[in-house]
Each structure stands twice: as C-alpha cells, then as structure tokens.
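One letter stands for each residue in the lines below.
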Amino acid sequence: MNGWSAWLSGFRVLVDPDGAVRATVTSPAPWRTLLTLGASWTVLGLGTLPRQLSMLWQGFAPTDDAPLAAGREALASGLVRLMVFDRLVPAPAVLVGAVILVWAAEPVLMLARERRAALAAVAVLGLAPLVVGRIGELAYTWIVNANTGTTPGAALTVPHRFATGVRLFWLDTTLPPAWVEVLEARVNLVTLWCVALWAVGLSRLESGRVQAWHVVLALACLVFGGVVTWVAGPVVAPMVLRGVG
C-alpha cells in the first residue's frame, strides 16, 4: 500500500467501513495509516491553539505587581504546555485501547505471524473517527465567543465543549460534575464509532461476520483504556504543567 492508498484507506473507512477494512486486511500498512491519521488529527488539533491562546490571555487581568506577574507567567506557560499536549494527543483512552486490542486479540484469534500486521492495521484504522472529532472541536472552538469573560483555565477545555456523549443530555446551565466530564471524554459517539470499526475489523480477520464477542472485546479494550488514562491522568497532567526536564 503506497502513501496515497494509506490516505484513501484512512478516510474511506468513515464512509465505507467494511470495504476499507477488507482492503486493509488484504494489504495492511499500519504505520503509513497511523502517520496519515496522526498528521490529520495533529493539524486539526493545533488549529484551535490560536483561539485558545487568545482566550487564555484575555482571562488574565492587567497587573503591575511584579511577583503576581511572574506567577501568572509561570501558570500561563504550564497551561500552554497542557494545551499543546492535549491538541497532539486525541482521546488517550482510544489510543491506549488500540494498543490493548492488538495485545489481547492476537492470542484470541491465534493469528499466524504474517497476519499480525493485519491486526495492527485494523487497530489503527479504527482511530479514523478521531479525525472527525477533531473537526468538530475545531469548528466549535472558532465559533465560541472569546469575549465572554472566560478564565485562563477554561481556555484549555474549550475544544472539549464539543459534546458527543453524556454531556449532550446535560441541560443544566451550570457546569457538569467531574464524573460527567470523565465519562464524556471516554465514552461518546466518536469512541463508540472506533469500537464499531474494531469489531468489523476483528470479524474480517476471522469469520467475516460480526459476532457478539468481537464487539465485547473491542468495547472491553476501550473501557480498559479509559481506566488506564483515568488513573494516569492525575500523574501526567502535573508533570506537563510543571514541565519535565
């Protein structure tokens, strides 16, 4: 599969999942597909940064206090690092879930060595909906009015206000509780779309028909990825905020 085919496969899966999965299993190129999708979600993700940075600095009130200004600069630097990290790493639960899928499905499917590349390609191809999620975040961020008295920390979360999960049903005007945000980030229409593509891919590696265990395994990988990122989040976020090294 050449580079152009990798582009086509990565985006064909959004409109013709079964056909794209069949082509991927026949001629797997997991690394090329990953680079294709990764480049796409990176460009789209970073596209929100100018608006976020504008909102960040608007959230700071002017001050002539030198110590306060120094503390503000340190806080702003940490928030910028968090923004960049967040924009480069879409849906960590899904990314971790894709790795777990490769690890878990191989012994279950009892694949020959030459078929392992096809399994990796299926796992990568299932990440294609993350590009759609990034498009939604980009559109939402640039539609939001940056002059609504936002706080500096809120600028970090603006892209994630593009709701595709449980927050769609949060009709209250107040901010949702933390558990809603945690669930929204891990189980939503985009991540479930990834699960569906993984299930289709597993079926093509085996019988050709989607069975219950294909869906259960794919969903279990997403859930496990969600648990891993939920546990790791409080450790990773302060490291990025402070800066490593």
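Residues numbered from 1 in each chain as written. Predicted model: local features only at pLDDT ≥ 70, side-chain atom pairs only at ≥ 80, totals over all residues. Heavy atoms only, no water.

1. Considering helix H3 (residues 30-46)
Structural remark: α-helix, 3.6 residues per turn; residues separated by three or four positions point the same way.
Phase 1 of the analysis: Between its first and last C-alpha atoms H3 spans 24 Å; for 17 residues at 1.5 Å apiece the expected length is 24 Å, and the two agree.
Phase 2 of the analysis: If you check which residues of H3 are buried, you get Pro30, Thr33, Thr36, Leu37, Gly38, Ser40, Trp41, Leu44 and Gly45. (Helix = DSSP H or I, 4+ residues; strand = E, 2+ residues; numbered from the N terminus. Expected span 1.5 Å × (residues − 1). Buried < 20%, exposed > 50% of the residue type's maximum accessible area, 1.4 Å probe, protein only.)

2. Side note on the packing of helix H2 (residues 17-26) against helix H11 (residues 189-205)
Phase 1 of the analysis: Where H2 meets H11, the closest approach of the two axes is 10 Å, and the angle between their N-to-C directions is 50 degrees. One element, H2, and the other, H11, form an angle in the oblique class. The interaxial crossing formed by H2 with H11 has right-handed handedness. Side by side, H2 and H11 meet where Pro17, Asp18, Val21, Arg22 and Val25 of the first sit next to Leu197, Val200, Gly201, Arg204 and Leu205 of the second. (Axes fitted to C-alpha atoms, helices over the stretch in contact; angles between N-to-C directions. Parallel < 35°, antiparallel > 145°, perpendicular 65-115°, else oblique. Left-handed = near helix turned anticlockwise from the far one by under 90°. Contact = heavy atoms within 4.5 Å.)

3. Remarks on the packing of helix H8 (residues 129-143) against H11
Phase 1 of the analysis: Running from amino to carboxyl end, H8 crosses H11 at an angle of 165 degrees, the nearest separation of the two axes being 9 Å. Considering their axes alone, H8 and H11 lie roughly antiparallel with respect to each other. Crossing geometry of H8 relative to H11 is assigned as right-handed. Contact with H8, carried on its side by Pro129, Leu130, Val132 and Gly133, involves Val190, Trp193, Cys194 and Leu197 of H11 and no other residues of that element.
Phase 2 of the analysis: Of the residues that constitute the contact of H8 with H11, the class distribution is 7 nonpolar, 1 polar and no charged. (Nonpolar A, V, L, I, M, F, W, Y, C, P; charged D, E, K, R; others polar.)

4. Re the pattern of salt bridges
Phase 1 of the analysis: Counting across every chain of the model gives 5 salt bridges.
Phase 2 of the analysis: Notably, a salt bridge pairs Arg87 with Glu137, separated by 3.1 Å at the nearest N-O pair. One end of the pair, Arg87, is in helix H5 (residues 66-88); the other, Glu137, is in helix H8, and 50 residues separate them in sequence. Each member of the pair Arg87 and Glu137 is classed as buried. (Salt bridge = Lys/Arg side-chain N within 4 Å of Asp/Glu carboxyl O.)

5. Topic: the side chain of Asn188
Phase 1 of the analysis: By the element assignment, Asn188 lies in the loop between helix H10 (178-186) and H11.
Phase 2 of the analysis: Relative accessible area serves as the criterion here: at 8%, Asn188 is assigned to the buried category.
Phase 3 of the analysis: Polar side-chain contacts of Asn188 include one of 2.7 Å to the backbone oxygen of Glu184.
Phase 4 of the analysis: Every residue in contact with Asn188, bar those within four places of it in the chain, is listed here: Thr164 and Gly165. (Polar contact = N/O pair within 3.5 Å; in protein donor to acceptor, adjacent residues only side chain to side chain.)

6. Description of unusual backbone geometry
Phase 1 of the analysis: If you check the backbone angles, Ala91 has positive phi at about 40 degrees while not being a glycine.
Phase 2 of the analysis: Tracing the chain through its elements places Ala91 in the loop between H5 and helix H6 (92-109).

Take it as geometry only, folks, not as evidence of what the structure does.
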